[in-house]
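Single-letter residue listing:
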Amino acid sequence: MATNNRRKQPNGLSDQNILIFGGVAIALLALALAWCGWWLGTLLKTHAAPPMTNPYRVAFGLADRSLTWPGFYGWIAVGLVAVAMCGVVAAGFWFYAQRRRGRSRVDDAAKHMGVGRDIESLRERHAAEVAKRLGVQADTPGIVLGRLVASGAKVYMTWEDLLIAIAGPRTGKTTCLVIPSILDAPGPVLATSNKRDIIDAVRGPRSCKGTVWAFDPQQVCDEPQTWWWNPLSYVTDETKADKLAGYFMAATTDPDARKDAFFDSAGQNLVSALLLAAALDGLPITRIWHWLTHPNDRRPVDILIEHEYEQIADGLEADIDAPDKQRQGVYATAMRLCRVLTNRRAMRWVNPPAEGTLPCFDAAAFVRSDDTLCSMSREGEGSAGALTLALTAAVTEAAEAYARTLPGGRLQKPMLNVLDEAANVCRWRDLPDLYSHYGSRGIIIETFLQSWSQGEGVWGAAGMKKLWSAANMSLYMGGVREEGFLRDMSGLVGEYEYRQRQVGFQQGHSSSNVSNSRDTILSIDDLASLPRGRELLLSSGNRPVLLKTMPWMRRADADAIQASINDANGTGDEA
Ligand SMILES: Nc1ncnc2c1ncn2[C@@H]1O[C@H](COP(=O)(O)OP(=O)(O)O)[C@@H](O)[C@H]1O
Ligand SMILES: [Mg+2]
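Residues numbered from 1 in each chain as written. Chains lettered and ligands numbered in written order. Predicted model: local features only at pLDDT ≥ 70, side-chain atom pairs only at ≥ 80, totals over all residues. Heavy atoms only, no water.

1. Structural notes on the domain arrangement of the protein
Interface extent is often summarised as the accessible area lost during association of the parts. The condition is simple: Source of the domain bounds: an automatic or database domain assignment.
Domain annotation of the protein identifies domain 1 (15-101) and domain 2 (113-211 + 414-575). Taking the mean C-alpha position of each, domain 1 and domain 2 sit 53 Å from one another.

2. Section: the environment of Ala-313
Inclusion rule: Think of it this way: any DSSP run of H or I at least four residues long counts as a helix, any run of E at least two long counts as a strand, and we number them from the N terminus.
Of note, Ala-313 is situated in helix α11 (residues 310-320). The sequence separation of Ala-313 and Lys-45 amounts to 268 residues, and the corresponding C-alpha distance is 115 Å.

3. Comments concerning the environment of Asn-513
Operational definition: The classification of residues rests on relative accessible area computed with a 1.4 Å probe and restricted to protein chains. Under 20% of the type maximum is buried, over 50% is exposed, and intermediate values are partly exposed. Contacts: residue pairs with any heavy atoms within 4.5 Å of one another.
Secondary-structure assignment places Asn-513 in strand β11 (residues 509-520). Classification of Asn-513 by relative accessible area gives partly exposed; the value is 44%. A sequence separation of 197 residues divides Asn-513 from Leu-316, and the C-alpha atoms of the two residues are 81 Å apart. Excluding residues within four positions of it along the chain, Asn-513 makes contact with Gln-500, Arg-501 and Gln-502.

4. With respect to the sheet that holds strand β2 (residues 154-157)
The following threshold applies: When DSSP locates at least two bridges between a pair of strands, those strands are taken to pair. For every element, the axis is a line fit to its C-alpha atoms; helices are fit only across the contacting stretch, and the angle between N-to-C directions ranges from 0 to 180 degrees.
Reading across the sheet, the 11 strands line up as β2-β1-β13-β12-β9-β3-β8-β7-β4-β6-β5 and stay open at both edges, with mixed pairing between neighbours. The open sheet has two edge strands, β2 and β5 (212-215), and neither has a second partner. Direction aside, the axes of adjacent strands within the sheet are offset by 25 degrees on average. Taken together, the four bridges between strand β12 (residues 534-539) and strand β13 (residues 545-548) define a ladder with antiparallel strand orientation.

5. Some remarks on the site of ligand 1
Quick reminder of the rule: One heavy atom within 4 Å of a molecule or strand is enough for the residue carrying it to be called near that molecule or strand. In protein, a polar contact requires one atom able to donate a hydrogen and another able to accept it; more generally it is a pair of N or O atoms within 3.5 Å, and residues adjacent in sequence count only if both atoms are side-chain atoms. Each accessible area value is a Shrake-Rupley result obtained with a 1.4 Å probe; residue values ignore everything except the protein chains displayed when judging cover. Amino acids outside the nonpolar list (Ala, Val, Leu, Ile, Met, Phe, Trp, Tyr, Cys, Pro) and the charged list (Asp, Glu, Lys, Arg) are all regarded as polar, and Gly is one of them.
Around ligand 1, the surrounding shell holds 13 residues, and the nearest of these are Arg-170, Lys-173, Thr-174, Thr-175 and Arg-532. Note that a nitrogen atom of ligand 1 is positioned 3.5 Å from one of the side-chain N or O atoms of Thr-549. Compared with its free state, where it exposes 550 Å², ligand 1 has 78% of that area covered by protein. Split into classes, the residues belonging to the shell around ligand 1 amount to four nonpolar, six polar and three charged.

6. Quick word on the packing of helix α8 (residues 261-280) against helix α12 (residues 324-337)
Note the cut-off: Here is the rule for angles: anything less than 35 degrees is roughly parallel, anything more than 145 is roughly antiparallel, 65 through 115 is roughly perpendicular, and the remaining ranges are oblique. Handedness of each helix crossing follows the sense of rotation of the near helix against the far helix: counterclockwise by less than a right angle gives left-handed, clockwise gives right-handed.
Where α8 meets α12, the closest approach of the two axes is 8 Å, and the angle between their N-to-C directions is 65 degrees. Classed by the angle they form, the pair α8 and α12 counts as roughly perpendicular. Note that α8 runs across α12; the crossing there is right-handed. Across the interface between the two elements, Phe-262, Phe-263, Asp-264, Ala-266, Gly-267, Gln-268, Leu-270 and Val-271 of α8 pack against Gln-326, Gly-329, Val-330, Tyr-331, Thr-333, Ala-334, Arg-336 and Leu-337 of α12. For the contact of α8 with α12, the class distribution of residues is nine nonpolar, five polar and two charged.

7. Here's the deal with the side chain of Thr-42
Relative to the helices and strands, Thr-42 resides in helix α1 (residues 15-46). In this structure Thr-42 touches Gly-37, His-47, Ala-48, Pro-50 and Pro-70, once residues within four positions along its chain are discounted.

8. So, the UniProt feature "domain: TraD/TraG TraM recognition site" (unreviewed entry) in the protein
Just so we agree on the cut-off: UniProt positions are given in the numbering used here, feature names are shortened, and annotations may be inferred rather than shown by experiment.
Mapped onto the present numbering, the UniProt feature "domain: TraD/TraG TraM recognition site" (unreviewed entry) falls on residues 414-532. In residues 414-532, the share of helix is 39% and the share of strand is 34%. The end C-alpha atoms are 30 Å apart.

Written as structure tokens, this is what we have:
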């Protein structure tokens, strides 16, 4: 049990004792002033140092006139000494104010939270040991999450930890965690976003390590297209086809929308069969839309039979031959899932170029490189979320497949997956399950959400709880006003004990009674109004800690990041 938030017995000063000590201190001060006035005043007056008589003798000597007060010189000396004492006290206050500068209103709570051995596994030494044990080839022992409020020591996440961070909009998720962790990553990095902030900041510094690939089918950052990716290269069998169809479903279905058990699953199966047929025949993904709009075209059935997928071919044939109403329903659902295939701008990124040649992104090569892939999309009408999600899953699965071939079944150079704005851009239903085993493969996932309910919208209440518990690092950075979530957080941070004194007066006598009381370390309102620059870290095996965030602006490579942002904004020359 932690000891810094527990007090065994009341043992403080009583009110009477405080009065007695105060009186004694004033008497000693008067004694010291009298002595200084006499000694220094006599020195000033006679230009000869008097003997170093002890202060009591001086006081009594002055009282019984066996010593003479040096008159005006004595008062000058008392004044000088008093001024010097005031100077010392003022310097003390100034020093104290300096130390408290930059402190936030919640910082006092840090002394009741994890300190010393309670948080041993968050320290640099532990991260370095883990990196050595795993044989990780990296310049840094782990990913820095922030600094301890109390000591300023850096807190690390090791190369086998996975993170989930919840914080409201504009609380500094991207500035303090996403960008710094991408820049510290030793190997490939996959990032998702719905803004251009990440790609702009990391493009410069990361291009020194490898190629920076920006996947921008929705023109989030007006990235000119210099490469393309074939989603069907992911579809190597029926399982992958099912998964890809599942990504289309996840990205296009509003979590609160009414579900239709039959049509939803039949539509998804139809898309899966068509994806498999197109992949087997080496056709572009846009062919799916043609087949959906021409249900009588039996070519996909033939392809599936040619490649010995008879059962799937039978299922597809049954859809094609279904009674009109049923077929319309199934095809309408499938078309809803595949709406992105009608988006010409997005389709340029996932189809071979009409003219000339562009390099084709290869997930297997990417996971063996030190490249960076930033995948961007926006929610809402015309969203290319399905493509972003499919690319994220394809790359992560390629990393897993590669890890399996390596000694220990893990990547020596871990791959970092930063899923910023995960609930908007990367609604990956399998994520809670993947969290439990990707750490051991050297695939480090960081998921960023704006609130607990946003996560519930994607993974459901049970899935979100699973994700939260499977992550061994959970961060809260403020800006959330969901009472249930904040109450749970406050409960996890726990309580501290403090001493309470009650003073009573009865029949002319005063009595004082000291008792121990308990209070929450961080209350719900403290958490709701957590100031910018502070984050609360819950991690497995450690007591909760309060951290100072570390925005990229305070990194040693801040100039390179700023230059990269200036370049992206076209202000490189002026800067
Ligand atoms: N600790 C911080 N120090 C300085 N600026 C910060 C800090 N945290 C956030 N900011 C600024 O706040 C704004 C929003 O931050 P951002 O990281 O985009 O938030 P989020 O990703 O949580 O929406 C940015 O302009 C960023 O520069
Ligand atoms: Mg952000």
